[in-house]
Amino acid sequence: MSDIKTVGVIGAGQMGSGIAQTCASGGYQVILHDVDVGQLEQAKAAIAQSLARRVEKGLATQADADAALGRIRFEGDLAMMKEAQLVIEAATEHEPTKKAVFAAVTPHLAEGAILASNTSSISITRLASATDRPARFIGLHFMKPAPVMRLVEIIRGIATDQATYDAAAAFAESLGKTVTDAEDFPAFIVNRILVPMINEAIYTLYEGVGTVQSIDTALKLGANHPMGPLELADFMGLDTVLAIMNVLYDGLADSKYRPCPLLVKYVEAGWLGRKTGRGFYDYRGETPVPTR
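Looking up the protein chain in an unreviewed UniProt entry gives the name 3-hydroxybutyryl-CoA dehydrogenase, with the organism given as Peiella sedimenti. UniProt's Sequence similarities (unreviewed entry) comment on the protein chain is quoted here verbatim: "Belongs to the 3-hydroxyacyl-CoA dehydrogenase family."

Put into structure tokens, the structure is as follows:
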């Protein structure tokens, strides 16, 4: 871990931006890459806003926030990943997209650099096999939002060596995170348990057992969950929820993981949750309103 000074993050969406902020706040130099220059500009604004909120809440000083933002380079040139000792891929939860990212970045990596994926469900062994460094490839699954959530799941592929695991675990802990080890099975630990629960909540809505509001209220007050499952699905992104359910369904061949048809319809409609303004709630007004 002491050899990691610069961290590369590929993908400047919500997860990538959050990971970049977390690493920068932890004292690391960060190179945040995206092919979309506009997305990089949005990421810079989002990170600045997130850091400002931490200052307002007394969780950081203005000097800390300024220093963290100053450690992040917003870079459109993937070749700059040659400077990083650890590169974390945070592209969309779509295996061909991730493999394309690895194919593009691999020629630029330093010989000893560790390559990690933030995948929330896809086989680390399979992703590693698409690279030139399966021994130095690992899963580092940050929870969303990365600056707030305290857990990082670490997943070893079949070829991941012990030195890579040790470096990745020490790195995550240096960010103030708690590490949990997960075996390389579909969706690992958190999403293996969480996402089927969300899918079951969507079935409960689909079958008319409860409304959006009654389902979320029931789980918040009846199970002491900070968010209702449908609210959480919107926060995660319904496309991500569907992608994880498909990985579980395809990987485990068990009908209990079949995605709810209503979830499929929402994704087909482009109603993906908070990021598109509509999901199980409509976020376009002052307060979210259920869409069913």
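## Observations concerning the overall build of the protein chain
For the protein chain, the count of helices and strands is 11 helices and 10 strands. Expressed along its principal axes, the backbone C-alpha trace of the protein chain runs to roughly 55 × 45 × 30 Å. Going through the 292 residues of the protein chain one by one, you find that 47% of them count as buried. Partitioning the contacts of the protein chain with sequence separation of at least 6, the portion at a separation of at least 24 is 65%. The average position of the 27 basic charges and that of the 33 acidic charges among the side chains of the protein chain differ by 3 Å.

## With respect to the nonpolar core
With 37 residues, the main nonpolar core has Leu140, Phe142 and Phe171 as its most contacted residues. Looking at which element gives the most residues to this core, the answer is helix H6 (residues 162-174), with 6 residues. The next biggest cluster of nonpolar side chains, apart from the first, holds 27 residues, and it includes Met236, Tyr257, Cys260 and Leu263.

## Quick look at unusual backbone geometry
Cis geometry is found at the peptide bond from lysine 144 to proline 145, where omega equals 0°. A positive phi angle is found at alanine 187, which is not glycine, with a value near 70°. On the secondary structure map, alanine 187 appears in the loop between strand S8 (178-182) and helix H7 (190-206). In the Ramachandran plot, alanine 253 falls in the positive-phi region, its phi being about 50° despite a non-glycine side chain.

## Notes on the UniProt feature "domain: 3-hydroxyacyl-CoA dehydrogenase NAD binding" (unreviewed entry) in the protein chain
In the numbering adopted here, UniProt assigns the feature "domain: 3-hydroxyacyl-CoA dehydrogenase NAD binding" (unreviewed entry) to residues 6-183. From the first C-alpha to the last, residues 6-183 spans 28 Å; its make-up is 39% helix and 22% strand.

## Details of the packing of aromatic side chains
Within this structure, the stated rule accounts for 6 aromatic pairs. With 5.8 Å between their ring centres and 80° between their planes, tyrosine 266 and tryptophan 271 make a pair best called edge-to-face. On the basis of relative accessible area, tryptophan 271 is assigned to the partly exposed category, the value being 26%. The cationic tip of lysine 144 hangs over the ring face of phenylalanine 235; the distance from NZ or CZ to the ring centre is 5.0 Å.

## Let's talk about the sheet that holds strand S4 (residues 86-89)
Strand order in the open sheet formed by 8 strands is S3-S2-S1-S4-S5-S6-S7-S8, and the pairing between neighbours is mixed. Unpaired on one side and paired on the other, strand S3 (72-75) and S8 mark the two borders of the sheet. When the angles between neighbouring strand axes are averaged without regard to direction, this sheet yields 25°. Pairing between strand S2 (residues 29-33) and S3: 4 bridges, direction parallel. Each residue of the ladder has a partner; that of valine 30, found in S3, is isoleucine 72. The strands that helix H2 (residues 37-56) touches are S2 and S3; relative to S3, the one it contacts most, it runs at about 160°.

## A short note on the UniProt feature "domain: 3-hydroxyacyl-CoA dehydrogenase C-terminal" (unreviewed entry) in the protein chain
Per the UniProt record, "domain: 3-hydroxyacyl-CoA dehydrogenase C-terminal" (unreviewed entry) is found at residues 188-283. Counting secondary structure, residues 188-283 comes out at 62% helix and 2% strand; the distance between its end C-alpha atoms is 31 Å.

## Thoughts on the pattern of salt bridges
Under the criterion given, the structure shown has 11 salt bridges. For glutamate 83, the salt bridge goes to arginine 73, with nearest N and O atoms at 2.7 Å. Linking glutamate 83 in the loop between S3 and S4 with arginine 73 in strand S3, this pair joins segments that are 10 residues apart in sequence. For arginine 73, a relative accessible area of 34% puts it in the partly exposed group. Among the salt bridges present, the one from lysine 265 reaches glutamate 268, with a minimum N-O distance of 3.6 Å. Pair noted here: lysine 265 and glutamate 268 are both in helix H11 (residues 261-269), with a separation of 3 residues, about one helical turn. The exposure class of lysine 265 is exposed, given its relative accessible area of 54%. Through salt bridges with shared partners, a single ionic network connects Arg73, Glu75 and Glu83.

## A closer look at the side chain of serine 50
Here serine 50 is to be found in helix H2. Engagement of the side chain of serine 50 in a polar contact is seen with the side chain of glutamine 21, the distance being 2.9 Å.

The rules we used
Numbering of residues starts from 1 in each chain and follows the order in which that chain's sequence is written. Note on the predicted model: pLDDT of at least 70 is required for a residue's local features to be given, and 80 or more for side-chain atom pairs to be given and counted; whole-chain, interface and lining totals, by contrast, use all residues. Derived side-chain values reflect all non-hydrogen atoms in the structure, with water molecules and hydrogen atoms excluded from consideration. UniProt positions are given in the numbering used here, feature names are shortened, and annotations may be inferred rather than shown by experiment. We count a stretch as a helix when DSSP gives it H or I for four or more residues in a row; a strand needs E for two or more, and each element gets its number in order from the N terminus. Burial classification: accessible surface area is computed with a 1.4 Å probe over protein chains only, and a residue below 20% of its type maximum counts as buried, one above 50% as exposed, and the rest as partly exposed. A contact between two residues is defined here by any heavy atoms of the two lying within 4.5 Å. Asp and Glu count as negative and Lys and Arg as positive, but His and the ends of the chain are not part of the count. Where a charge sits is defined by one atom per residue type, namely NZ (Lys), CZ (Arg), CG (Asp) or CD (Glu). Throughout, nonpolar core names a set of buried Ala, Val, Leu, Ile, Met, Phe, Trp, Tyr and Cys residues whose side chains join them through atoms within 4.5 Å. Within 6.5 Å between ring centres, the rings of Phe, Tyr and Trp (the latter by its six-membered ring) count as paired, and their orientation is classed by plane angle as stacked under 30 degrees, edge-to-face over 60, tilted in between. Geometrically, a lysine NZ or arginine CZ counts as sitting over a ring once it is within 6 Å of the ring centre and also within 35 degrees of the ring normal. Strand pairing is assigned whenever DSSP identifies at least 2 bridges connecting the two strands. In this analysis an axis means a line fitted to C-alpha atoms, helices contributing only their contacting stretch, and an angle means the value between N-to-C directions, from 0 to 180 degrees. Definition used for salt bridges: Asp or Glu carboxyl oxygen within 4 Å of a side-chain nitrogen of Lys or Arg. For this analysis, a polar contact is any N or O atom pair within 3.5 Å, provided that within protein one partner can donate a hydrogen and the other can accept it, and provided that sequence-adjacent residues contribute only side-chain to side-chain pairs.

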